[in-house]
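Structural description and commentary
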Amino acid sequence: MLHPAFAAPGEFYRGNLHTHSNRSDGVLDPSEVCRRYKAEGYDFIALTEHFVGRYEYPITDTTGFRDEVFTTLLGAEVHSGAMENGELWHLVAVGLPADFAASNSPDFQPVDGQESGPELAQRARDAGAFVAVAHPHWSGLTLADARSVEAAHAVEIYNHGCAVECDRGEGFHVADLLLSEHRDLSFIATDDAHFSGPDHFGGWVMVKAEANEPELLLEALKAGNFYSSQGPELKAVALNGGYIDVACSAVSTVIVQGHGSAAMSQHGESLTQARIPLDRFNDSPWLRVTVIDRSGKRAWSNPVWR
Ligand SMILES: [Zn+2]
Ligand SMILES: [Zn+2]
């Protein structure tokens, strides 16, 4: 059984789903952000400004930067309510309508009477967005926090800005725990680029769609038809009887992970395929795959359910 991301028709389009410009706390104009991503070989981005009153609740109109080879999705990083540690929620919402109603979120501190993070996530999802829990490690997210966002489609499992600036870029700890509670989630790698430091072109999604068009990309994101990468390419992930088969660009390590401590790895030189037995995963309803190249760059599959 080939994972749907590889079985779906079309081709893979490379995109960054979490980006800031000077419409909030980023450094560059939206036009220059789009120009740089296009020049670096991206097929699409979402500008996701901080949706707070301080910046007048921006949903930046990037439609003017679309052309025959590059497109954009409208979105925002939305904020409301406190997490268990008392800090404000951060949620990435891609595919928001331009007239998405403002939350009551004047600035980066929670205020009394505003909707909770989970409520805002649900409102964004109901409005048509693909919703992801942003940078769990950077946020200090607890498992209870993560569990509460029932509307989330995805968890940000790698945030390049948080990795570069804080060494807190990862989200797999909480994502794995949610999978073991049978939560149907996908994983996104993003930049969270502000261009104030080396926080860009470090993590992206590869979305399988029939064309590089916003609606098709959004649909594929919601369906989980994508994988995440810092460099390596995944070409196939398939369950075949008692094995998982992986095809990829040349890497030095292929790892399969599952519930609890279950994991199996294969190491080698310039591996482009691997077959990993699943005996170790009998208790795991889900599996996922990581590949690592010689320079330490990773790619991650979405969960495989069985
Ligand atoms: Zn954030
Ligand atoms: Zn951000």
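Just above sits the structure.
Residues numbered from 1 in each chain as written. Chains lettered and ligands numbered in written order. Predicted model: local features only at pLDDT ≥ 70, side-chain atom pairs only at ≥ 80, totals over all residues. Heavy atoms only, no water.

1. Re helix 8 (residues 214-223)
- Restricting attention to buried positions, one finds in helix 8 the residues L217, L218, A220 and L221. Taken around the axis of helix 8, the buried residues stretch over an arc of 165 degrees, which confines them to a single face. In this structure, helix 8 carries E215, E219 and A223 as exposed residues pointing more than 90 degrees from its buried face.
- G224 sits one or two positions beyond helix 8 and adopts a positive phi of about 80 degrees. (Buried < 20%, exposed > 50% of the residue type's maximum accessible area, 1.4 Å probe, protein only. Helix = DSSP H or I, 4+ residues; strand = E, 2+ residues; numbered from the N terminus. Arc of directions from axis to C-beta.)

2. What to know about unusual backbone geometry
- Despite not being glycine, E56 shows a phi value in the positive range, around 65 degrees.
- For E56, the location among the structural elements is in the loop between strand 2 (44-51) and strand 3 (71-78).
- In this structure, D167 takes a positive phi of about 55 degrees despite not being glycine.
- You can call D167 exposed: its relative accessible area is 65%.

3. Thoughts on the coordination of the zinc ion (ligand 2)
- Protein ligation of the zinc ion (ligand 2) involves H18 (NE2), H20 (NE2), E77 (OE) and D192 (OD), the donor distances falling in the range 2.1 to 2.2 Å.
- Considering all four donor atoms around the zinc ion (ligand 2), the spread of angles at the metal, 81 to 168 degrees, places the coordination shape in the irregular class.
- Binding-site remark: the zinc ion (ligand 2) is held by donors from one chain whose sequence spacing is H-x1-H-x56-E-x114-D. (Donors = N, O, S within 2.8 Å, 3.2 Å for Na, K, Ca; no water. Tetrahedral: all angles 85-135°; square planar, octahedral: opposite > 155°, others 65-115°.)

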